[in-house]
Amino acid sequence: MPKLPLRATSSTVPRSRGHPLEAGAPTRGPREFHVIGVGASAGGLEACKKLLAALPSNHGMALILVLHLDPTHESMMADLLATQTTMVVQQATDGMLVEPDHLYVIPPAFYLSIDAGQLRLSTPEAPHGARLPFDFLLKSLATEYGSNASGVVLSGTGGDGSAGLKAVKESGGFTVAQDPEEAEYDGMPRSAIAAGVVDLVLPVEKIPEALLTRTRQPADAPPNTALKQVVELLQANTAFDFTLYKPGTLQRRTERRMALAAIGTEDMERYLDLLRKDPAELDLLAKDLLINVTGFFRDPEVFTFLAEKIIPDLVRAHPTGRPLRIWVPACSTGEEAYSLAMLVSEAIAALRRNIQLQVFASDVDPDAVATAREGCYPEAISESVSPERLERFFMKDAGGFRVAADLRAAVVFTVQNVLGDPPFSRLDLISCRNLLIYLTPEAQANVVSLFHFALLDDGLLLLGTSEEVGGADSRFEVVSKPVRLYRRIGQRRTGTQAFPVIQSDGVRLPSRPAKAATPSRQAALAELCRQVVLEAYAPAAVLINRAGECLYYLGATDPYLRLAPGQPTHDLLSMAREGIRIKLRPRSSRPARRRNALW
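Quick caveat: nothing in here was measured; it's all calculated off a predicted structure. (Residues numbered from 1 in each chain as written. Predicted model: local features only at pLDDT ≥ 70, side-chain atom pairs only at ≥ 80, totals over all residues. Heavy atoms only, no water.)

A.B. asks: Help me understand the overall build of the protein chain, please; the structure alone is not making it clear to me.
C.D. replies: The secondary structure content of the protein chain amounts to 19 helices and 22 strands. Residues classed as buried in the protein chain amount to 52% of the 599 residues present. For the protein chain, the proportion of contacts with a sequence separation of at least 24, taken over those separated by at least 6, is 71%. Of the roughly 26,800 Å² that the protein chain leaves accessible, carbon and sulfur atoms contribute 53%. (Helix = DSSP H or I, 4+ residues; strand = E, 2+ residues; numbered from the N terminus. Buried < 20%, exposed > 50% of the residue type's maximum accessible area, 1.4 Å probe, protein only. Contact = heavy atoms within 4.5 Å. Areas by Shrake-Rupley, 256 points an atom, 1.4 Å probe, with all protein chains shown as cover.)

Shown next, in the form of structure tokens:
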């Protein structure tokens with residue numbers, strides 16, 4: 001798991017004189033105004049001057065500028081930029097409060113971040129050529145300010161900022177790149193655009209207007225008429241329904257597609273006309289709105305906490321005879337589901353527990369689910385997956401890595417809408433990170449209620465770093481506030497159902513309410529009935545392939561199967577308990593000759 005590239009060195013960090021650090025000192029709430037992280041390197045000074053010149057006075061935003069500076073020389077950057085703006089321009093010092101209408105400039109030889117509304121300076125451990133200070137700032141902005149964070153990448157070489165913009169997007173923030181065609185050096189903008197983490201690509205003089213449009217629109221403001229028409233077109237002509245998507249996010253993603261189609265943001269009618277005539281553009285917009293952003297062990301500190309403080313106790317206390325069940329809704333392409341499966345598998349092996357792991361991972365995007373089922377990932381995952389885990393849980397494949405059969409068999413992927421389809425039940429852990437931030441408050445409350453129903457007593461709920469359980473405090477207690485980990489408490493509310501009232505075939509959101517029972521609803525009810533009956537009355541069963549490898553378990557298989565010592569395996573005969581193996585041997589060979597059950 002990657003190590004954070006910094007260490008605190010208070011003896012060398014310049015302290016703020018204007019805002020000294022005091023224990024318990026009050027700070028301005030981090031969501032009262034928008035904070036913009038701006039990053040640049042080569043050619044960045046001129047781009048920054050143009051950006052500041054286009055900003056009006058008293059815009060109410062705070063800007064934090066990260067430039068790749070020579071660590072051996074003092075910087076005059078704050079003085080140079082002060083002549084370009086009416087904002088208060090300061091070189092950042094440790095402990096300085098972040099305030100609106102201020103521009104803070106990173107000092108040489110330091111990393112800059114934000115914690116509790118204050119600037120924090122730290123010295124990087126990485127060699128100078130490997131430092132990514134803009135990524136570092138943006139990741140802290142995403143954590144601290146959530147949807148009130150924005151990232152702007154300007155002229156520069158290299159890829160600094162791409163990973164940070166991804167974090168900003170995942171927290172519901174806004175991202176912009178300078179048009180590479182006008183940038184003096186296009187490396188940083190092109191890297192961010194190629195990574196798919198940029199909402200808008202604009203000439204630098206147009207970026208302030210986009211930022212102000214974003215900051216002046218409340219996140220939960222009702223959608224305008226044109227935006228409603230976009231949602232209706234998507235609802236009528238694609239498999240997805242974005243009715244309860246936050247209007248702010250809808251607006252930004254739509255404007256991004258408009259920019260790619262060379263249509264100005266003020267010409268929504270023209271874009272609506274394009275959507276009506278071009279089904280391919282409708283599909284591209286729908287895909288853009290799905291925001292399938294994920295990664296192995298994303299937010300390493302979260303997975304470190306789980307691996308060290310939570311999962312060992314979860315495995316140690318889990319009763320024998322019942323599988324340990326985990327659900328990962330909105331799983332995208334599967335990296336997070338596999339990451340959790342790896343952690344739990346390691347704990348089961350380390351504690352020598354004979355328990356079965358069942359990870360259910362679902363997403364509304366069939367293409368993402370297909371990728372997850374395939375289990376093939378590029379070589380770049382070696383940056384976030386340790387060599388030991390690559391060796392144990394993956395096989396080297398052409399151009400990358402493939403998930404090993406044992407890990408793959410522990411995770412079941414399915415296409416599912418978390419608000420429109422029946423949930424999984426009797427769960428020990430739900431991990432739903434960075435879904436709620438895209439939903440309206442009403443939809444968020446519905447999802448949290450659904451999770452409370454699906455979890456067992458004392459079951460755990462893991463959310464994204466910018467998400468909370470909201471008004472469900474009486475039904476969840478905090479395990480770790482920084483990690484956003486909660487434990488289920490309280491009783492199910494009267495009238496709570498196993499599936500939500502609003503039915504949908506849509507995108508991680510509720511669809512239009514059904515006036516009468518539809519075929520899809522009937523199918524969902526039938527599937528729920530089958531699931532309940534099977535779990536309650538069906539005998540233990542195992543699905544195997546021609547090689548005798550277990551693909552799926554149903555019911556309580558512990559009296560018949562056990563984890564074999566040594567290397568992990570899903571071979572049926574190797575897992576069979578004494579006295580059963582002989583009876584299984586002739587039966588397990590039958591499916592290769594004809595289709596029938598083992599028992």
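A.B. asks: Hey, could you run me through the pattern of salt bridges in this one?
C.D. replies: Any two side chains of opposite charge can pair, on the condition that their charged atoms come close. Inspection of the entire model under this criterion finds 24 salt bridges. Close ionic contact of Lys 287 with Asp 365 constitutes a salt bridge, the shortest N to O distance being 2.7 Å. Taken together, the positions of Lys 287 in helix α10 (residues 279-290) and Asp 365 in the loop between β12 (357-363) and α13 (366-374) put the pair 78 residues apart, joining distant regions of the chain. Lys 287 sits in the partly exposed class, given a relative accessible area of 34%. Arg 389 is the salt-bridge partner of Glu 346, the closest N and O atoms lying 2.8 Å from each other. Residue Glu 346 is found in helix α12 (residues 335-351), and its partner Arg 389 is found in helix α14 (residues 387-393); the two are separated by 43 residues along the sequence. Exposure remark for Glu 346: the relative accessible area of 22% places this residue in the partly exposed category. One connected set of salt bridges, linked through shared partners, spans Lys 169, Asp 199, Arg 252, Arg 253 and Asp 288. (Salt bridge = Lys/Arg side-chain N within 4 Å of Asp/Glu carboxyl O.)

A.B. asks: I would appreciate a short explanation of the side chain of Glu 281 in the present structure.
C.D. replies: For Glu 281, the position within the fold is in helix α10. Exposure remark for Glu 281: the relative accessible area of 7% places this residue in the buried category. Polar contacts involving the side chain of Glu 281 include one to the side chain of Tyr 271, which spans 2.6 Å. If sequence neighbours within four positions are ignored, Glu 281 has contacts with Arg 257, Tyr 271, Leu 274 and Leu 275. (Polar contact = N/O pair within 3.5 Å; in protein donor to acceptor, adjacent residues only side chain to side chain.)

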